[in-house]
Amino acid sequence: MEWLNNLIGPSAARGVGQLVGINVAFLGVLMIVAYTVLAERRILGFIQGRLGPNRVGPGGLLQPFADLLKFILKEEIIPDNATRFVYLLAPVIAITSALMTIIVYPFGPEVNIPGVGPVRLTIARFDVALLYVLAITSVSVYGIALAGWASNNKYSLLGALRSAAQMISYELSLGLSLVGVVLMAGTLDLYGIVEQQSGWAGLHWNIIYQPLGFVVYLISAIAETNRVPFDLPEAETELVAGFHTEYSALKFALFFMAEYVNMFTVSVLATTLFLGGWNGPGVAQFPLLGVVYFLLKITFFLFLYIWLRGSLPRFRFDQLMNFGWKFLLPLAIVNVILTSAVVYFQFVRAQS
Amino acid sequence: MLSLSAPLALALEGLADYADEAVFVVLFGVAVGAAVSVVAQRNPLYSAVSLIFVFMALAGLYLMLAAPFIAAIQVIVYAGAIMVLVIFVIMLLNVEEEEHRRPLKLRLLVPAAVVMAAVLFAESAFILYFVHDAAAERAQAAAANTTGLTASVGAGLFTTYLLPFEITSVLILMSLVGAITLARRASEIGPTDVVVPGSFVLPRQALTPEPDVDATPVSARTTDEVQRELGLAGAHHRKEED
């Protein structure tokens, strides 16, 4: 990095470094998303006793690119009665708010890249990283809500209303389920939280102390991403395609991508907060192994999503609301109270 | 750090000095422009979306003031929760464009608004230029490193500002209770009513109707006769159609 510092000055060098980091992470996440879609189609095929896409490239490996090409070449249709500006803004909000969270993901520990020096595998590290992720994802509901409203279609509007109600309801238990981890860690910095879980040869994970929080988080996070069994906003049997009924071509692709990037975000948060992030046996000796562990854990959660989609039916709307408000939320509150009591007594014992 | 190949580096460093100002001007412009748009738009949904932009820009300004926690809370609470509810209501009620107000009523308010704005500006100017609290400034300088960080906000809320914090929470609870009372009064739910969550209030009879005890004696042999006897119409036009 020294030569870059000398050439363009430290501020600009830092900027260039972050720009490179953002682009690498962006491409990486989009590749993961593309292959999650392929994996989903293949695994669903397996679960349902059929093959799934296997013709484009070896084993269907080039299918995501064929899909992308198809999305680009499809005709753009904007309904006559749509509110044009908002209609076009909605998918932009969806994908932007999904991708903006990438900058705080801790992808791996500090590694030594030849020619560059030691690099922390996270783009930005700041005091309120976790709150930042929650804030950005809480904005993503506008993508869906505005899409439904601007399409001027009753099915879209119903999907959007369902989605807004669902996301508000489950955001509460989602936030509260994370409070336990934050209380234990004493920080909101994701990188710091992962570093704290590096004991016991990399197996000192928060899930041991927070099993309740983990379960509540996982369920409400799946609800937040509008996936099966909580996919009421786009319930095909009732609402055609829900909020994105009127969207075609790349605009639909943006919603589609946003959904899968959000799944990735949920997996990253679950991994980071509960499963020790990049930590695992041997990471202290070989830092690059951390990235492998991280990706493996992410893959597990993405597989879980697909597995659930292949095996569970959809909730009814009143079941969804009852489950969120009368079961998950009290459970999350109990978890917060228990955790704070334990943390408090430990604090008192340490003082005396 | 700067070496001999410095001109480019020097220029970029000079630019970096102005980065703060540039970001501030952008955020400030978005905030003010969107705020004007909130008032100027005729369609309530556009107003709501503009208000979201105001909140986002404000969050950015908080970030620039080194208060990341406040910025995050601003987005989560205002942009993420309150505005979602506002948009939800707009979409549910399907509010059309607001009607053109009669201009007479507003014209009376214009001078009042100007006076209020002038007072507000005068107040801010007075505080900025004349009020100096040396002790408070020293305390601020001492705390400047931690202000706005999560830990200092939390510590402040639960020590120095505990009473205002608790009073605010009671205030919010009161408004909650008030909202529920207002909503309930509209439909007067009685003890024999059944509330179906999320939809409507029914009298209990509506869900468990009384068995039909109407046993009027009828002396008739054919369906047509029965219908004539009971004074029922419909379904007996078949003969005429034939």
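For the structure itself, look to the data block above.
What comes next concerns the included structure. The structure presented is a predicted model; accordingly, all values stated were derived computationally and were not measured.

A separate point is the layout of surface pockets. Counted as a void, the largest pocket has a volume near 1,900 Å³. Secondary-structure elements contributing two or more residues to the lining of the largest pocket are α5 (129–139) and α7 (154–185) of chain A together with α4 (68–93), α7 (150–158) and α8 (162–187) of chain B. Considered class by class, the residues forming the lining of the largest pocket number 29 nonpolar, nine polar and three charged.

All right, on to helix α12 (residues 249–274) of chain A then. Taking 1.5 Å as the rise per residue, α12 of chain A with 26 residues should run 38 Å; its terminal C-alpha atoms sit 38 Å apart, in good agreement. In the stretch just after α12 of chain A, G276 of chain A is the one whose phi turns positive, near 75°.

Next up on the list: the packing of aromatic side chains. Think of a pair of aromatic rings as described by two things: how far the centres are apart, and how the planes are tilted against each other in angle. One pass over the structure, following the stated rule, counts 25 aromatic pairs over all chains. When the ring of F256 of chain A is compared with that of Y260 of chain A, the centres are 5.1 Å apart and the planes differ by 55°; the resulting orientation is tilted. Highlighted residues: F256 of chain A and Y260 of chain A, both in helix α12, separated by four residues, approximately one helical turn. Seen from their ring centres, F55 of chain B and Y78 of chain B are 5.1 Å apart, and the 40° between their planes marks the pair as tilted.

What follows deals with the nonpolar core. Judged by nonpolar contacts, the single largest core of 109 residues is most densely connected at Y142, L146, Y217 and L273 of chain A together with I87 of chain B. Take this core: its biggest share by element is 12 residues, from α12 of chain A. With sequence-adjacent residues up to four places away left out, Y142 of chain A is seen in contact with I93 and A147 of chain A together with I52, A79, G80, M83, V84 and I87 of chain B.

Another aspect to go through is helix α2 (residues 19–40) of chain B. An α-helix turns once per 3.6 residues; consequently, residues spaced three or four apart project the same way. In this model α2 of chain B runs 31 Å from its N-terminal to its C-terminal C-alpha over 22 residues, within 8% of the 32 Å that 1.5 Å per residue would give. Buried residues along α2 of chain B sit in contact with α3 (44–64) of chain B.

Right, let's get into empty space enclosed by the protein. Residues and elements named next belong to chain A. A full pass over the atoms with the stated rule returns two cavities of 30 Å³ or more. Roughly 350 Å³ of internal volume is contained in the largest cavity. What lines the largest cavity is a set of 25 residues, and nearest its centre among them are S140, M167, E224, T225 and N262. Counting only elements with at least two residues in the lining of the largest cavity, the list comes to α5, α7, α10 (211–224) and α12.

Rules of the game
Residues numbered from 1 in each chain as written. Chains lettered and ligands numbered in written order. Predicted model: local features only at pLDDT ≥ 70, side-chain atom pairs only at ≥ 80, totals over all residues. Heavy atoms only, no water. 1 Å grid on protein atoms, 1.4 Å probe; cavity = no way out; pocket = protein on both sides within 12 Å on 5 of 7 lines; lining within 4 Å. Points joined across faces, edges and corners; volume = space filled by probe spheres on them. Helix = DSSP H or I, 4+ residues; strand = E, 2+ residues; numbered from the N terminus. Nonpolar A, V, L, I, M, F, W, Y, C, P; charged D, E, K, R; others polar. Expected span 1.5 Å × (residues − 1). Phe/Tyr/Trp six-rings, centres within 6.5 Å; stacked < 30°, edge-to-face > 60°. Core = buried A, V, L, I, M, F, W, Y, C linked by side-chain atoms within 4.5 Å. Buried < 20%, exposed > 50% of the residue type's maximum accessible area, 1.4 Å probe, protein only. Contact = heavy atoms within 4.5 Å.

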